[in-house]
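# Coordinate inspection notes
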Amino acid sequence: MLIIKDLRKSFSGSDKPLINNLNLAVKAGESVSIQGASGCGKSTLLSLIAGFERPDSGNIVINNLPIASINEENTKSIASDIDSFRKQHLGIVFQSFNLFDCFNAWDNIAFTARLKGNADKAYQVALMDQLGILHLAEKPLSQLSGGEQQRCAIARALVHRPSLILADEPTGNLDEASSDNVSRLLYETCKQAKTALVVVTHSSDVATKADRALKLHKGVLESTNADMA
Ligand SMILES: Nc1ncnc2c1ncn2[C@@H]1O[C@H](COP(=O)(O)OP(=O)(O)OP(=O)(O)O)[C@@H](O)[C@H]1O
Ligand SMILES: [Mg+2]
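### Focus: the site of ligand 1
- Neighbouring residues of ligand 1: 13 residues in total, closest Ser38, Gly39, Lys42, Ser43 and Thr44.
- Residue Gly39 places a main-chain N or O atom 2.8 Å away from an oxygen atom belonging to ligand 1.
- Against a free-state accessible area of 640 Å², the protein chains account for coverage of 56% of ligand 1.
- Among the residues making up the shell around ligand 1, the classes are represented as four nonpolar, six polar and three charged.

In structure tokens, the structure reads:
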């Protein structure tokens, strides 16, 4: 469902391309983790997949839709712009939860669902229940722990039934126990929803829970374990 072919990206001022003929294929419902040194281009890769950044060359295709040429004439009938593409196909989870502090847990998730034109109360209840936050629905965000807030952010990313979740260090602000719990729930919920998942993480514990653990090194993705490739 996600196919990246010969992707290249340089930022002006650097001599070597950050992403250098990178290839990746992720199947529907599959989870892939990406580790790598700070500054190697992990967040940039997620931005390219989400269409926030444009590649210098190469192709990114999600659900048969070419992201890199989304505004060009040939794809206009499928997705009129990159925002509608994101609304339909993508869910994003950040290190900082990016929730609305003035809303309670329920409204944070419901608001996003409405914004994406896909409000489904029963599905939201099921998701929040699965993530162990249904009993917190009425609580203001300010009264939730970091782990609870991140579980809200995961529910929010999944509530419109996207086919792909991109998570950039989703447990970066959590302690070890909470990180273990949140990452386990992230993988499980995506698997159950048959949503593909690409997780960038500095934590080996989080990375090894994925179906495939990869490392971004010198602009390409390598397997961290030959047996898992
Ligand atoms: N918009 C931009 N313009 C110029 N340079 C950029 C831009 N975005 C990122 N970079 C540079 O690209 C490199 C990779 O950045 P990126 O954020 O992708 O790294 P990362 O692997 O996610 O690192 P970390 O693990 O610290 O989050 C860095 O050297 C960064 O300064
Ligand atoms: Mg980063």
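Don't stop here, the text continues.
### Here we look at unusual backbone geometry
- In this structure, Asn64 is a non-glycine residue whose phi angle is positive, near 65°.
- The backbone phi angle of Asn98 is positive, close to 55°, even though this residue is not glycine.
- Note on placement: Asn98 falls in the loop between strand S6 (90-93) and helix H3 (105-115).

### A word on the state of the cysteines
- Per the stated rule, a full pass over the model turns up zero disulfides.
- For Cys102, which is in no disulfide, the shortest distance to another cysteine sulfur is to Cys152 and amounts to 14 Å.

### As for the side chain of Thr44
- Summarising the element assignment, Thr44 is placed in helix H1 (residues 42-50).
- Setting aside anything within four residues of it in sequence, one finds Thr44 in contact with Lys9, Phe11 and Leu18.

### Concerning the packing of aromatic side chains
- In this structure the tally under the stated criterion is three aromatic pairs.
- Look at Phe100 and Phe111: their rings are 5.3 Å apart centre to centre, the planes differ by 90°, and that puts the pair in the edge-to-face class. Linking Phe100 in the loop between S6 and H3 with Phe111 in helix H3, this pair joins segments that are 11 residues apart in sequence.
- Using a relative accessible area of 28% as the deciding quantity, one classes Phe111 as partly exposed.
- Relative to Phe111, the ring of Phe103 has its centre 5.7 Å away and its plane inclined at 75°; by these criteria the two rings are edge-to-face.
- The structure contains a cluster of three or more aromatic residues connected by ring pairs, namely Phe100, Phe103 and Phe111.
- Positioned above the aromatic ring of Tyr123 is the side chain of Arg161, whose terminal nitrogen or guanidinium carbon lies 3.8 Å from the ring centre.

Quick notes on the rules
Residues numbered from 1 in each chain as written. Chains lettered and ligands numbered in written order. Predicted model: local features only at pLDDT ≥ 70, side-chain atom pairs only at ≥ 80, totals over all residues. Heavy atoms only, no water. Near = heavy atom within 4 Å. Polar contact = N/O pair within 3.5 Å; in protein donor to acceptor, adjacent residues only side chain to side chain. Areas by Shrake-Rupley, 256 points an atom, 1.4 Å probe, with all protein chains shown as cover. Nonpolar A, V, L, I, M, F, W, Y, C, P; charged D, E, K, R; others polar. Helix = DSSP H or I, 4+ residues; strand = E, 2+ residues; numbered from the N terminus. Disulfide = S-S within 2.5 Å. Contact = heavy atoms within 4.5 Å. Phe/Tyr/Trp six-rings, centres within 6.5 Å; stacked < 30°, edge-to-face > 60°. Buried < 20%, exposed > 50% of the residue type's maximum accessible area, 1.4 Å probe, protein only. Lys NZ or Arg CZ within 6 Å of the ring centre and 35° of its normal.

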